[in-house]
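Take a look at the letters that make up each chain.
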Amino acid sequence: MSNRRSFIKKTSIGAVGTILTSKVNATNLNKKNKNSMSGIPIVISTWKHGFSANEKAYTLINNGSDAIDAVEEGVKITEADPNCTSVGYGGWPDRDGNVTLDACIMDHTGNCGSVSFLQNIKHPISVARKVMYKTPHVMLSGEGAFKFAIKNGFHKEDLLTEKAKKRWKEWLKDSKYEPIINIENHDTIGLLAIDKKGNISGACTTSGLAWKMHGRVGDSPIIGAGMFVDNEIGGCCATGVGEAVMKTLGSFLIVELMRQGASPQEACEEGVSRIVKNQNYKEMQIGYLALNKKGEHGAYAVQPGFDYALYQNGINKMIDAESFVK
Ligand code: GLY
């Protein structure tokens, strides 16, 4: 039985619950995965800033690095970029003027690490990796994560750039909390890579929603929400309003759908359908990227405007994702 047929059979007999929950996905189940291409190694990441992150990650992989090194070094490019106002240094602050960072990383063995509500450290992804390898834990948060970082050789830095401070002061005049779709306030970088050995890893890092409440943590450091990989199946990463992703544990869901035979594209569409079914999706953007172990990828968003960078067969390019709202 083909993977696709087995996926339908499992859903219809209810062994894994009703997986196909919307008309759009029932239709799309019959659609061939048009993004299917062979070609490993492969690197895929969210948004335009993913392009330069991909360059770094793919170069490393091409030179023989493991995917876990490539995903960390790839997203560090974005974390260090002061012009990226939603990740790391230069990120827009919370409503009290603090830049607080969330990140997670996962390797092909299922090992993972994350940090949440971390301040004054430029590379939260590298702290997350240290949590993964040097502690018995998965997540460190806030002051504890900061102290752990300092103890492990990271330096305290002011991450609020003059540009971000100016924008925050403008925001304070009205203090309206209205995340604007696709506008620089939730553009997490999620990056997935398969190396020459065929192993997959993923990384996800963000300064979170601009003007959030102090202490708010989003989906990005939550393994299975902002990112998840399983070396038998593939991986997924998310961007957008983290609360919606957390409520559906989106990345884990999408990897599990692929396990049951869905293509990466079908799985991403179903992930979005779970959100639009129960949440007020009209005012928010969420985008998913998924990659399977064959090197096939999928992408889908709630709203138009989500794009991603794909580096495969030696070519790095930007692609516009399809969306639920047309
Ligand atoms: N997806 C990033 C956040 O909501 O914080």
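Read on for an overview of the structure. (Residues numbered from 1 in each chain as written. Predicted model: local features only at pLDDT ≥ 70, side-chain atom pairs only at ≥ 80, totals over all residues. Heavy atoms only, no water.)

With that settled, the discussion passes to the overall build of the protein chain. From N to C terminus, the protein chain includes ten helices and 13 strands. Expressed as a percentage of its 326 residues, the buried residues of the protein chain come to 58%. When contacts within the protein chain are restricted to residue pairs at least 6 apart in sequence, long-range pairs at least 24 apart make up 67% of them. Surface summary for the protein chain: the accessible area is close to 13200 Å², and the carbon and sulfur share equals 52%. (Helix = DSSP H or I, 4+ residues; strand = E, 2+ residues; numbered from the N terminus. Buried < 20%, exposed > 50% of the residue type's maximum accessible area, 1.4 Å probe, protein only. Contact = heavy atoms within 4.5 Å. Areas by Shrake-Rupley, 256 points an atom, 1.4 Å probe, with all protein chains shown as cover.)

Taken in spatial order, the eight strands of this open sheet run S4-S3-S2-S6-S5-S1-S11-S12, and their pairing is mixed. Only two strands of the sheet have a single neighbouring strand rather than two, namely strand S4 (139-141) and strand S12 (315-320). Here the average twist between neighbouring strands, direction ignored, is 10 degrees. Inspection of the sheet shows strand S2 (residues 101-106) paired to strand S6 (residues 200-206) by five bridges, in the antiparallel sense. (Pairing = 2+ DSSP bridges. Axes fitted to C-alpha atoms, helices over the stretch in contact; angles between N-to-C directions.)

A few words on the nonpolar core. Ile 44, Leu 192, Met 227, Ile 286, Tyr 288, Leu 289 and Leu 291 are the most contacted members of the largest nonpolar core, which totals 47 residues. Among the nonpolar cores identified, the runner-up in size contains 33 residues, and Ala 57, Ile 68, Ala 145 and Ile 189 belong to it. (Core = buried A, V, L, I, M, F, W, Y, C linked by side-chain atoms within 4.5 Å.)

Every residue close to the ligand is listed here: Thr 188, Gly 208, Leu 209, Arg 216, Gly 218, Asp 219, Ser 220, Gly 240, Val 241 and Gly 242. For the ligand, the protein covers 100% of the area, taking 200 Å² as the surface of the free molecule. The pocket occupied by the ligand, as judged from atoms lying within 2 Å of grid points, is the largest cavity. Of the residues contributing to the shell around the ligand, the split by class is two nonpolar, six polar and two charged. (Near = heavy atom within 4 Å. 1 Å grid on protein atoms, 1.4 Å probe; cavity = no way out; pocket = protein on both sides within 12 Å on 5 of 7 lines; lining within 4 Å. Sits in = over half its atoms within 2 Å of the grid points. Nonpolar A, V, L, I, M, F, W, Y, C, P; charged D, E, K, R; others polar.)

Among the structural elements, Leu 160 can be located in the loop between helix H6 (142-151) and helix H7 (162-174). Judged by its relative accessible area of 15%, Leu 160 is buried. With 78 residues separating them along the chain, Leu 160 and Pro 82 place their C-alpha atoms 9.2 Å apart. Leu 160 has contacts with Pro 93, Gly 97, Val 99 and Lys 165, leaving out every residue within four places of it along the chain.

Time to look at the pattern of salt bridges. One pass over the full model with this rule turns up 14 salt bridges. Between Lys 165 and Glu 162 there is a salt bridge, with its nearest N and O atoms 4.0 Å apart. Of the two residues, Lys 165 and Glu 162 both sit in helix H7, three residues apart, roughly one turn of that helix. Residue Lys 165 is classed as partly exposed on the basis of its relative accessible area, which comes to 31%. Residue class for Glu 162 comes out exposed when judged on its relative accessible area of 60%. In this structure, the salt-bridge partner of Glu 170 is Arg 167, at a minimum N-O distance of 3.9 Å. One end of the pair, Glu 170, and the other, Arg 167, are both in helix H7, three residues apart, so they sit about a helical turn from each other. Judged by its relative accessible area of 38%, Glu 170 falls in the partly exposed class. (Salt bridge = Lys/Arg side-chain N within 4 Å of Asp/Glu carboxyl O.)

Geometric values such as these leave the question of function open.
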